[in-house]
Structure formats: structure tokens, C-alpha cells
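# Descriptive analysis of the structure
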Amino acid sequence: MKPKTCPSGIHPISLKERARGLFKKHHYFCRSDLFFFLALLFLALSSSTRAAVPFRVVIDPGHGGADEGTVFNDGTRRIAEKDLTLKLAHKIARQLERRGFEVSLTREKDHEVPLPNRTAFANRLKAQVFISIHMNATSRTSAEGVETFILNNTTDASSRRLARLENSVISETPLESPEDMDVALILKDLRLDANLSESKRLACQVQRNLVISTSRTRHVPQAHRNRGVKQALFHVLLGADMPSILVEAGFLSNPYDRALLLSEKGQYFVSSAVANAVDQFRRSPMKRSALNSCKIN
């Protein structure tokens, strides 16, 4: 076999047959071909390394310290939202870690964390998902079920507030001028727009799993437990640079929800539902039909 001709000044390199017959015996390559092959191999290895980067989730146990959140007190016992959210957050974290996620909590103990610091913490860690856990309450004790929120920044007032908050978190020096504020606003809006559809997908997945799980324990139709996916200007979601949601896991004012959230079995059902939803979110997109049926109120 006549060796192929390489460009002037470049000498052919003979590669002998290797395992699995990848190369024919005495097949010839120029050095330029080899360099190209090595470049492709480097890119493949780089992609593999990037793919191996762990998926990090930040769980935010709502309230803490002097901020107790909603409190149930019937004279015989007192239940503070801050304690239940912390307990649930730890259980969700353990469930996610068993599935191979890296998980961090915005607070590990009962202490107060300023709202801007919570998403700033997630941003510093470059988390892929931010989930804030909360409990609901109302004077109407018959109200029950779960609901999941994504950030609503559709009004000019909320967008301005968002930019100010973002500036206070990430900037060492305040942005005084309207021009600087406009730049911060534009940049933040771009990040929010990029994350909006993924926040919706995450919220719909979490809401769906929680409704299915808690309706089975209640033995009621899913519609009875489903309070929907909604948009609201929750300050704890302001500033997040990743898909972010706030989960209202149940009503402390409702006897069933309260018993569910206080029980080990109920906490297992809720934490498993959230962890499974995040795993599904990471692995594959929701079916279009399921996503279209998930209406945002």
C-alpha cells in the first residue's frame, strides 16, 4: 500500500492495528491529522468532565430565629413554621443526597437569615435549583392542600424592587444613578427571563408529585389537594440566578395537614415527593401535555 502524500514538510506517521480493529494495519496519518484527532479527543474529555459536574440544590427552610413564621397554638401545644420547615428541609436534603445530588441548606439551625442572603448563598454556590420550604395558614380551618409559587416580576414596581435588592446583595457600592439602576434591571430581567420556563417546569413537577403523594395518604381526589402553581412577588425568590420555587407544603391551621406534617410518615411522603420531582426535573423534561395542563395562576 502506497503511503498517502502529506503536505510539504509534514511526514506521515504509521499507526499499527489497535484493539477492536479501529485502524487498519499500516494505515497512515499525517501529523496534522493526528493533531486534529487529539483536539477532538480533548473536546470529548472536556465535555465528559462538564457532564460529571454534580447537580447542586439549595434548600431554604423558611423563617428562623425570631422570625417564627405562622404559629399554631391551641393552648396545649405550640407549633412554629420555622421548626417544621427546618425538619422538612433536612429530610429533603437526605433524600436528594441518596440520589446523587449535592445539597446545601440556607440555614442548618434555628437562626434568622436575611431574605436577600438566601438566594445570594445559592448564587455563590452556582446551584442549579433553589427551593424555599414554607407552611400555610388561614382563619378558615377547612382550607388544606399544597401550592407552589414562582416569582412574578411582571410589574415595573416589582422589577425596580428586584434590581435594588440585587444591587444590595452583589454590589460593594450602591448604584446611585438611574442609569446604573437601569443596567442592573436589564441584566436581572434577562436572567429571570432565561429561568422562567425552567422555574415553571420545576414548580409543576413538584406540585404534581406533592398532590399525588398527599392525596393518597388523605384518600381524596387529587383536585381536593391541588391548590395549583401560582405567581407572586415573594422576596425570598428575588435575586435567584437559577430556577427557583417556593413550596407551601400544607396548612398548619388544618387538622389533617397539621397531623401529616408533624408525623414521620407524612414528612417522608412530602420529602420524597419533592426529591423525586427534582430528580425528574434533572433527568428529563415534562411531557408537553403535562406541562400544558399545568396552569399558572
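Look above for the structure.
The present account deals with the structure reproduced in this document. (Residues numbered from 1 in each chain as written. Predicted model: local features only at pLDDT ≥ 70, side-chain atom pairs only at ≥ 80, totals over all residues. Heavy atoms only, no water.)

## Section: the overall build of the protein chain
The number of helices and strands found in the protein chain is nine helices and ten strands. Residues classed as buried in the protein chain amount to 43% of the 297 residues present. Across the protein chain, the fraction of contacts at a sequence separation of at least 24, relative to all contacts at a separation of at least 6, is 76%. Accessible surface, the protein chain: about 16,400 Å² in total, of which carbon and sulfur atoms supply 55%. (Helix = DSSP H or I, 4+ residues; strand = E, 2+ residues; numbered from the N terminus. Buried < 20%, exposed > 50% of the residue type's maximum accessible area, 1.4 Å probe, protein only. Contact = heavy atoms within 4.5 Å. Areas by Shrake-Rupley, 256 points an atom, 1.4 Å probe, with all protein chains shown as cover.)

## Some words on the side chain of R258
With respect to the secondary-structure elements, R258 resides in helix α7 (residues 255–262). Within the buried set, R258 has no salt-bridge partner at all; the shortest N-O distance to an opposite charge, 5.9 Å, is to D74. Polar contacts involving the side chain of R258 include one to the main-chain carbonyl oxygen of L252, which spans 2.7 Å. Setting aside chain neighbours within four positions, we find R258 in contact with F72, R77, I79, F251, L252 and S253. (Lys, Arg positive; Asp, Glu negative; His and termini not counted. Salt bridge = Lys/Arg side-chain N within 4 Å of Asp/Glu carboxyl O. Polar contact = N/O pair within 3.5 Å; in protein donor to acceptor, adjacent residues only side chain to side chain.)

## Digging into the pairing of strand β7 (residues 129–136)
The element β7 is largely enclosed, with a buried count of eight among its eight residues. Alternating residues of β7 divide into V129, I131, I133 and M135 and F130, S132, H134 and N136, and every residue in both groups is buried. Direction of pairing for strand β3 (residues 56–61) relative to β7: parallel, over a ladder of five bridges. Across the sheet, residue V58 finds its bridge partner in β7, namely F130. As judged from the six bridges shared by β7 and strand β10 (residues 244–251), these two strands associate in the parallel manner. (Pairing = 2+ DSSP bridges.)

## Observations concerning helix α3 (residues 115–124)
Residues of α3 that are buried: R118, T119, A120, A122 and N123. Positive phi shows up at K126, right after α3, with a value of about 55 degrees.

## Overview of unusual backbone geometry
Even without being a glycine, H63 presents a positive backbone phi close to 65 degrees. Looking at the element boundaries, H63 is found in the loop between β3 and β4 (71–73). Positive phi is not limited to glycine here, since K126 has a value of about 55 degrees. Counting through the fold element by element, K126 comes out in the loop between α3 and β7.

## Looking at the sheet that holds strand β6 (residues 102–105)
Taking strand neighbours across the sheet as the criterion, the six strands line up as β6-β3-β7-β10-β8-β9 in an open arrangement whose pairing is mixed. Two strands lie at the open edges of the sheet, namely β6 and β9 (226–232), each paired on one side alone. Taken over all neighbouring pairs, the strand axes of this sheet differ in orientation by 20 degrees on average, direction set aside. Across three bridges, the pairing between strand β8 (residues 146–151) and β10 is antiparallel. Within the sheet, the bridge partner assigned to E147 lies in β10 and is E248. Contacting β3, β6 and β7, α3 runs over the sheet at an angle of about 165 degrees to β3. (Axes fitted to C-alpha atoms, helices over the stretch in contact; angles between N-to-C directions.)

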